[in-house]
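Residues per chain are reported as follows:
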Amino acid sequence: MTVTQSSSPANSGVAPGRGRRLLSSFRVLFDRPVTAFGTSIFLLFLFLAVAGPWLAPYGSNEQIYSDARQPPSLAHWFGTDQLGRDVFSRILYGSREVLFEAGLGTLMALFLGMTLGLIAGYRRGWIDELLMRFFDSLLALPALLLALLLLGTIGRSRYSVLIVIVIVYTPIIARVARSVVLSVREKAFVEAAQIQGESSLHIMFREILPSVMPALTVEGALRFSYAIFLVASLGFLGVGVQPPSPNWGLLVSEARPHAAQLPWSLFFPAAAIALVVIGVNLMADGIKRILMGER
Amino acid sequence: MSDSPPVLDITSLTVAYENEDVWQTAVRDLDLRIEAGQTYGLVGESGSGKTTVALAVMRYLGSSGRIVSGSILFNGLDMVALKEEELRGVWGKEIALVPQNPQSALNPSMRVGEQIAEILRRHAGLDRREAMARAEELLCMVRVPDPQRVLHSYTHQISGGMQQRVLIAMALSTEPALLILDEPTTGLDVTTQAAILDLFREITAERQTAVLYVTHNLGVVSALCDRVAVLYAGELVEDARVGELFHFPYHPYTEGLLDSIPQIGQKKTEAILHAIPGQIPPLGERLEVCVFAPRCALAIEECSTQRPDLETAASDHQVRCYRWREISRGEITTHQSAPDLIPVQSPGDGETVLLTEDLKVYYGLRRSLTEMLRRQPGRVVKAVDGVDLTLGKARTLGIVGESGSGKTTLARAVVGLAEKTDGEIQLLDMQLPAGLSSRTLDTLRHVQYVFQNPDDALNPHMTIGQTLQRPFISLLGMSSKEAAGQVSEMLRIVRLPKSYADRYPNQLSGGEKQRVAIARAFATSPDLLIADEPVSALDVSVQASILNLLNDLQNETRNSLILISHDLAVVGYLADQVAVMYLGQIMEISDAARIFEAPMHPYTEALLAAIPTIDPDSAVSHQEPLQGDVPSQIDPPSGCPFHPRCPRDLGDICRTEEPVWQENEFGDRIYCHIPLGELQSVQQMLKEA
């Protein structure tokens, strides 16, 4: 028997409707300078990824033998590599590859993690225990090591990298989703739905999921930035996508032996990776501040 | 009243809070004087600014709050001008605060004794051993039964009532000149509250402490305070001695507040409750007019153009209203002219809606490793332990009891949210299985539930319209188009405008949310509605309208109602029958009118005696408040579960033998060893005395 005096109408946590309003307009991401900066970087790379093939002055694997090993110039903004390929063009094509793989992988992991997290958190019992112990064992391995192990078994290709992202990130996202579900399922509105004979499916996806979305959005944005890094790292290690793909990590690793003579072919892809990861990270941080009500 | 200077002297205090770079006034032009030995009540709803006043006096406002103007003199000391380090010498030593939530005010990682000793070492300069000895004395003074044990306990090991006593002991440890109590009993059971109020009364009288008592509970004010100030939307609207204010309120708001709470013994068949329409204006929407005018039945044109001054109506009685003279002469009143009598319900044709037989809900605790190794059975919490109930059509059953009595679990077992362990639940002609998952949609349709906290009961991500459609779709199998057509009808029956269908819950006030929750419960026209503390999270002025609504709906749809509340007056107002629960068992189940007239069971008697009434002249209860806390449900006392706290304990028989049910000529039943006749004659004697 607790007597609660509702002290203020504004409850802690995400104000409903507000989250909806906030996300419906992209503009709020430009309210804070730092977030605006991160979002701009992300949007720039997104634009490059979409429009890359039309913007790029040369093909992704086009070799201009006469212009090999050139420093940055008007003709080749970022110079050319040891085989005479235009670094700028390759970065443009690479952004499509990197953002697409990281983005699609993260979305798939989000969907899977969300579903499993909802089931585990709402159903509890043996299914929760089983899923969580399995995820624990996956999380026990460092992400990169797990990725290497997986790629060793399923072979190296674009699709394997996608599968790796999903397997590495699903447990993390599922855990986040589950922890929110655990607190939301105790709320009276969930019990009210149960009394009204709503199906578990309805309760999980219609009643509970909207309250989980803010946390999932934040986690997804963060995972996306790590996924970009993972795609690049796997490319660099040579276990992901294979040459002659313009994956940025692959560009860095190919440029490494010639770093002393052709520093630009190493610098620009590395800078692209750093920039986009920083940008997405700042954006994710901004989303978190908006959705979680931290200002 | 003495001529000595007041302990606390607040003059035209104005406090503002910053909200998105705008300073909004929360308390305005407040004057207040508290003398030594005086207990001053500061009453208001949430949003009235009462806590802000308390915080301003302490200079605890924080960075978003600011004292804009006015002065606060404490024993001649200008509190507004003090620097932080000077304040530290005053805090705890000369002004002490007892906050509402003891759990968060105590340090969970320190033993209780150390926390009390810390203050004594800092302010009284005692050494470690002296401080501990003094701490023990203080705990004895606040009547902690086992001070040695409490001294060495951590916060979580003692009950809420005990925590509050510890905080009071801490506040009193330095013999402060001013004690500020911010809703100190709001989270506690009535029995604990009664004991704590007794304690305050005794201690402050003895030491001549000035007390500022902040609360929303008028009953507590009338039981404890000498003077009372009524605050509304940051303004002092009325200030008078307690007796005068309760008998001759001059301000329409005060009048409304006093009318909106049901009195013990007041029945729904006699008069409806007077609700105050509308709600308190939010910060930033308080203009240079009478702030109460929009909700006032007596408002005239002047009220919404100009701000009334605080006038002295009689010696020691101040009021801020243009029409107080007419009110004082009895020419106008907020009482509705002809009290709409509620049609007396026919007692029903005796058809039984709900029947429980020997209903038990046990929760198994996980076995500890030692228990497993020793092959002991796991311990169980007996939340509900053998309850027999019968509820007829269109009847209302009130369930009361302290926390831990199992009243909520009982209700949850009926609706299926808690799984019964044993026993029968029969609804109409259906036997209800234990859990929700094993009940058919057809049974769910017949019993619905209204939750305690309306903020929690509605999905924040669904519009009101979406929420109200769901029961039609899920329980009645309508298409979503048909269901959408029902929404405005549902809003109508709970007296909300149609336009609310498109709103989200955060755009509604607490009372409005509770109306939506009630509408949802009535969507399927249930035969049985269970309302679990439906008004305890709401402000006093809103409670009445929700109770009236529940009553009206029952008259229209003839549903049966189970009303759970810790507030006996609320239960007494709505219920036809009252069940008193203690430790999972029913102690007494009697007709509502008779139980308040002459309670039979000693526990019922103690509960009733513990309630502070808002009639300041009524004799202070003739009975000592119940001592101790509700025992653990894991290991309930043998024999009669109430015997350890029972003031009429008969001795061995109560300790060893379970009582038998006794029934009087009207069908009221009690679970007690003392013969019925004896209990009835005791009540007879008390009444005559």
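Residues numbered from 1 in each chain as written. Chains lettered and ligands numbered in written order. Predicted model: local features only at pLDDT ≥ 70, side-chain atom pairs only at ≥ 80, totals over all residues.

**Focus on the overall build of chain B**
Each helix and strand counted, chain B has 25 helices and 24 strands in total. Here the C-alpha atoms of chain B give a radius of gyration of 26 Å, agreeing with the 26 Å that 2.2 N^0.38 yields for 689 residues. Considering only C-alpha atoms, chain B reaches an extent of 70 × 65 × 55 Å along its principal axes. Here chain B, with 689 residues, has 50% of them falling under the buried criterion. A sequence separation of at least 24 residues applies to 68% of the contacts in chain B between residues at least 6 apart. (Helix = DSSP H or I, 4+ residues; strand = E, 2+ residues; numbered from the N terminus. Rg over C-alpha atoms; globule rule 2.2 N^0.38 Å. Buried ≥ 20, exposed ≤ 12 C-beta atoms within 10 Å, placed from the backbone. Contact = placed C-beta atoms within 7 Å.)

**Side note on the overall build of chain A**
In terms of regular secondary structure, chain A is built from ten helices and zero strands. Its helices and strands taken in sequence order, chain A reads α-α-α-α-α-α-α-α-α-α from the N to the C terminus. For chain A, the spread of C-alpha atoms along the principal axes amounts to about 85 × 45 × 30 Å. Here chain A holds 295 residues, and the buried ones make up 48% of them. Long-range contacts, defined here as pairs at least 24 residues apart, represent 70% of the contacts in chain A between residues at least 6 apart.

**Re the packing of helix H3 (residues 87–123) of chain A against helix H8 (residues 200–237) of chain A**
Residues and elements named next belong to chain A. H8 packs onto H3 with a crossing angle of 145° between their chain directions and a minimal axis gap of 7 Å. Where H3 crosses over H8, the handedness of that crossing is right-handed. Looking at side-chain class alone, the contact of H3 with H8 contains 17 nonpolar, five polar and two charged residues. (Axes fitted to C-alpha atoms, helices over the stretch in contact; angles between N-to-C directions. Left-handed = near helix turned anticlockwise from the far one by under 90°. Nonpolar A, V, L, I, M, F, W, Y, C, P; charged D, E, K, R; others polar.)

**Points about the sheet that holds strand E24 (residues 669–671) of chain B**
All names here are of chain B. Ordered in space as E18-E19-E20-E15-E21-E22-E24-E23, the eight strands form an open sheet in which the pairing is mixed. Two strands lie at the open edges of the sheet, namely strand E18 (447–450) and strand E23 (661–663), each paired on one side alone. The average undirected angle you get between the axes of adjacent strands in this sheet is 20°. Bridging between strand E19 (residues 528–532) and strand E20 (residues 560–564) involves five bridges; their strand directions are parallel. Counterpart to Leu528 in the pairing with E20 is Ser560. Strands E18 and E19 of the sheet are contacted by helix H19 (residues 510–522), whose axis makes an angle of about 175° with E18. (Pairing = 2+ DSSP bridges.)

**Considering the packing of helix H4 (residues 112–123) of chain B against helix H5 (residues 128–141) of chain B**
Residue and element names in this part refer to chain B. At their nearest, the axes of H4 and H5 sit 8 Å apart, and the two run at 115° to each other. Two packed elements cross with a definite hand, and for H4 against H5 that hand is right-handed. Residue-level contacts link Gly113, Ile116, Ala117, Leu120 and Arg121 of H4 to Arg128, Ala131, Met132, Arg134, Ala135 and Leu138 of H5. Of the residues assigned to the contact of H4 with H5, the class counts are seven nonpolar, one polar and three charged.

**Topic: the sheet that holds strand E16 (residues 422–427) of chain B**
Residue and element names in this part refer to chain B. Taken together, the four strands give an open sheet; going across it, the order is E14-E13-E16-E17, and neighbouring strands pair in antiparallel fashion. Two strands in the sheet have a free side with no partner beyond their single neighbour: strand E14 (380–392) and strand E17 (430–431). Along the sheet, helix H14 (residues 407–415) contacts strand E13 (352–364), E14 and E16; its crossing angle with E14, the most-contacted strand, is approximately 65°.

**Describing the environment of Gly639(B)**
Residues and elements named next belong to chain B. With respect to the helices, strands and loops of the structure, Gly639 is situated in the loop between helix H23 (602–610) and helix H24 (652–656). Spatially, the C-alpha atoms of Gly639 and Thr186 are 32 Å apart, while their sequence positions differ by 453 residues. Once residues lying within four places of it in the same chain are set aside, the contact partners of Gly639 are Cys654, Arg655, Thr656, Glu657 and Glu658.

**Things to note about H23(B)**
Residues and elements named next belong to chain B. Most of H23 sits out of view: eight of its nine residues are buried. By the burial criterion, the buried members of H23 are Pro602, Tyr603, Thr604, Glu605, Ala606, Leu607, Leu608 and Ala610. Buried residues along H23 sit against helix H8 (190–207), strand E15 (396–400), helix H21 (568–574), strand E21 (577–582), strand E22 (585–591) and helix H22 (592–597).

**Considering the interface of chain A and chain B**
On the side of chain B, 36 residues touch chain A, which itself brings 25 residues to the contact. Looking at the side of chain A that touches chain B, the elements that each hand over two or more residues are helix H7 (188–195) and H8 of chain A. It is H7(A) that contributes the most residues to the side of chain A that touches chain B, six residues altogether. Here the side of chain A that touches chain B is composed, by residue class, of ten nonpolar, eleven polar and four charged.

**Focus on unusual backbone geometry**
Of note, the bond from Pro243(A) into Pro244(A) is cis; its omega dihedral lies within 30 degrees of zero at 5°. Relative to the elements of secondary structure, Pro244(A) occurs in the loop between H8 and helix H9 (248–255). The phi dihedral of Gln208(B) is positive, around 60°, even though this residue is not glycine. With 12 C-beta atoms packed within 10 Å, Gln208(B) lands in the exposed category. Phi at Leu583(B) is positive, roughly 50°, even though this residue is not glycine. Within the secondary structure layout, Leu583(B) lies in the loop between E21 and E22.

**Describing the pairing of E16(B)**
The two faces of the sheet receive side chains in turn, since in a regular strand these alternate between them. Residues and elements named next belong to chain B. Of the strand pairs in this sheet, E13 and E16 are connected by five bridges, and their pairing is antiparallel. Each residue of the ladder has a partner; that of Glu357, found in E16, is Glu424. Taking the residues that link successive antiparallel strands as the turn, the E16-E17 hairpin has two residues, and the phi of Leu428 there is positive, at about 50°.

**So, the confidence of the model for chain A**
Residues and elements named next belong to chain A. In this model, chain A carries an average pLDDT of 84, and 91% of its residues clear a pLDDT of 70 or more. When mean pLDDT is taken per element in chain A, H7 scores highest with 94 and helix H1 (residues 18–24) scores lowest with 52. Counting interchain partners and residues more than four positions distant, the pLDDT-below-50 stretch residues 1–19 has 38 contacts. (pLDDT = per-residue confidence, 0-100.)

**Here we look at the environment of Val580(B)**
Residue and element names in this part refer to chain B. Here Val580 shows up in strand E21. Linking Val580 and Gly398, residues 182 residues apart in sequence, is a C-alpha distance of 8.4 Å. Excluding its chain neighbours within four sequence positions, the residues that come into contact with Val580 are Val400, Gly401, Ile586, Met587, Glu588, His601, Tyr603, Thr604 and Leu607.

**Describing the pairing of E15(B)**
Residue and element names in this part refer to chain B. Among the five residues in E15, five count as buried, and that is most of the element. In terms of strand pairing, E15 meets E21 through four bridges, oriented parallel. Within the sheet, the bridge partner assigned to Gly398 lies in E21 and is Val578.

**Side note on H7(A)**
Along an α-helix, a turn takes 3.6 residues, which lines up residues three or four apart on a common side. All names here are of chain A. For H7, a buried count of eight out of eight residues is recorded, marking the element as mostly surrounded by other parts of the structure. Of all the residues in H7, the buried ones are Ala188, Phe189, Val190, Glu191, Ala192, Ala193, Gln194 and Ile195. Two residues or fewer after H7 comes Gly197, characterised by a positive phi angle close to 70°.

**A look at the environment of Met213(A)**
Within the secondary structure, Met213(A) is located in helix H8. Here the alpha-carbon distance between Met213(A) and Val98(A), two residues 115 residues apart in the chain, equals 25 Å.

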